[in-house]
Amino acid sequence: MAEIKLAAEARTEFGKGAARRIRRENKVPAVVYGHGNEPAHITLPGHELNLALRQSNVLLAIDVDGKPELVIPKAVQRDAIKGFLEHVDLLLVKRGEKVNVEVPVHTEGELAPGANLLEHVLNALPVEAEATHIPESVTVSVAGLDAGDSVLAKDITLPAGTTLAVEDDAVVLQVLAAQAEEAPAEGEAEGDEAAEA
């Protein structure tokens, strides 16, 4: 996983008015916390941060007043309608340190023939990984799975240095038989027609 460098500025103004002013300047208010430090209030460049957050569990190298820090996003708030970034919570990490994150689950392959549906019980798999080696995603083959089959957390191959942060027998994916709409019984249809006459 590549580090994305962002220049940060310390923030001294707080509240809704200050946050609106920051966003008008195409910047995003953020808070950095972790390792027992006092939370640090900063602003980050909006466009660059938005591009960086397209990667899940991105590792950010920020520079606050000449002090370099490594952080990962823990909470991202976006405007519900327009989608722009409103606020970001960042967690301090160190090289070699293990962190708990959720990694997106992708599937490949075709289910067994039939009208089956694949249900993602977990869209993201909780794992523990080194902060500088967080996998971007995990891929699971669903080739040939039939109704009633499921994929458990322990069945997923994880990259080296990554371990599950969820029970081994947690269901991640399951295959469901498609429910066909029931046709009315012949007697019911005739009864309805007789009632209408």
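The rules behind the values
- Residues numbered from 1 in each chain as written.
- Predicted model: local features only at pLDDT ≥ 70, side-chain atom pairs only at ≥ 80, totals over all residues.
- Heavy atoms only, no water.
- Pairing = 2+ DSSP bridges.
- Helix = DSSP H or I, 4+ residues; strand = E, 2+ residues; numbered from the N terminus.
- Axes fitted to C-alpha atoms, helices over the stretch in contact; angles between N-to-C directions.
- Salt bridge = Lys/Arg side-chain N within 4 Å of Asp/Glu carboxyl O.
- Buried < 20%, exposed > 50% of the residue type's maximum accessible area, 1.4 Å probe, protein only.
- Polar contact = N/O pair within 3.5 Å; in protein donor to acceptor, adjacent residues only side chain to side chain.
- Contact = heavy atoms within 4.5 Å.
- Core = buried A, V, L, I, M, F, W, Y, C linked by side-chain atoms within 4.5 Å.

**Quick notes on the sheet that holds strand β13 (residues 171–177)**
Read across the sheet, three strands follow the order β8-β13-β11 without closing on themselves; strand pairing throughout is antiparallel. Strands at the two margins of the open sheet, each flanked by one partner only, are β8 (116–120) and β11 (150–152). On average, each strand axis in the sheet is tilted by 15° relative to the strand beside it, whichever way the strands run. Across five bridges, β8 lies against β13 in antiparallel orientation. Among the inter-strand pairings, L117 is bridged to a residue of β13, identified as L176.

**Things to note about the pattern of salt bridges**
Applying the stated criterion across every chain yields a total of two salt bridges. Where E9 meets K27, a salt bridge forms, and the shortest distance between an N and an O atom there is 3.1 Å. Of this pair, E9 sits in strand β1 (residues 3–10) while K27 sits in strand β2 (residues 27–34), and the two are 18 residues apart along the sequence. Overall, K27 belongs to the partly exposed group, its relative accessible area being 23%. Between E69 and K67 there is a salt bridge, with its nearest N and O atoms 3.4 Å apart.

**Re the pairing of β1**
Sheet topology note: the β1/strand β4 (residues 59–64) ladder contains six bridges and is parallel. Bridge pairing links A7 to D63 in β4. In this sheet, strand β3 (residues 37–45) lies alongside β1 in antiparallel orientation, the contact comprising two bridges. By the bridge assignment for β3, E9 is matched with T43.

**Structural notes on the sheet that holds strand β5 (residues 67–78)**
Spatially, the six strands close up into a barrel ordered β1-β3-β2-β6-β5-β4, and their pairing is mixed. Here the average twist between neighbouring strands, direction ignored, is 45°.

**Section: the pairing of β5**
Across five bridges, β4 lies against β5 in antiparallel orientation. The residue bridging I62 from the neighbouring strand is E69, located in β5. What sits between the antiparallel neighbours β4 and β5 is a turn of two residues, in which D65 has the positive phi angle 50°. Sheet topology note: the β5/strand β6 (residues 85–93) ladder contains eight bridges and is antiparallel. Its bridge partner being in β6, I72 is matched across the sheet by L91. Taken together, β5 and the strand that follows it, β6, pair antiparallel across an intervening segment of six residues, in which G83 is found at a positive phi of about 80°.

**Thoughts on the side chain of N116**
As for its position among the elements, N116 is in strand β8. There is a polar contact of 2.9 Å between the side chain of N116 and the side chain of D146. In contact with N116, not counting residues within four places along its chain, are L111, D146, A147, V175, L176, A177 and A178.

**What about the nonpolar core?**
Within the largest apolar cluster, 26 residues are counted, with the highest numbers of intra-cluster contacts made by I72, V93, V99, V101, L125, I156 and V172. It is strand β7 (residues 98–108) that contributes the most residues to this core, four residues altogether. Ignoring sequence-local partners within four residues, the contact set of I156 consists of L125, V138, V140, V151 and V172. One finds L6, A30, L44 and I62 within the second-largest nonpolar core, a separate group that totals 19 residues.

**Observations regarding the environment of P135**
Its location among the elements puts P135 in the loop between β9 (124–130) and β10 (138–141). Take P135: its relative accessible area is 9%, and that puts it in the buried class. For the pair P135 and V58, spaced 77 residues apart in the sequence, the C-alpha separation amounts to 9.6 Å. Those residues in contact with P135, other than ones at most four positions away along the chain, are N57, V103, A129, P159 and T162.

**Some words on unusual backbone geometry**
Within the chain, N26 stands out as a residue other than glycine whose phi angle is a positive 60°. Residue position: N26 is located in the loop between α1 (16–24) and β2.

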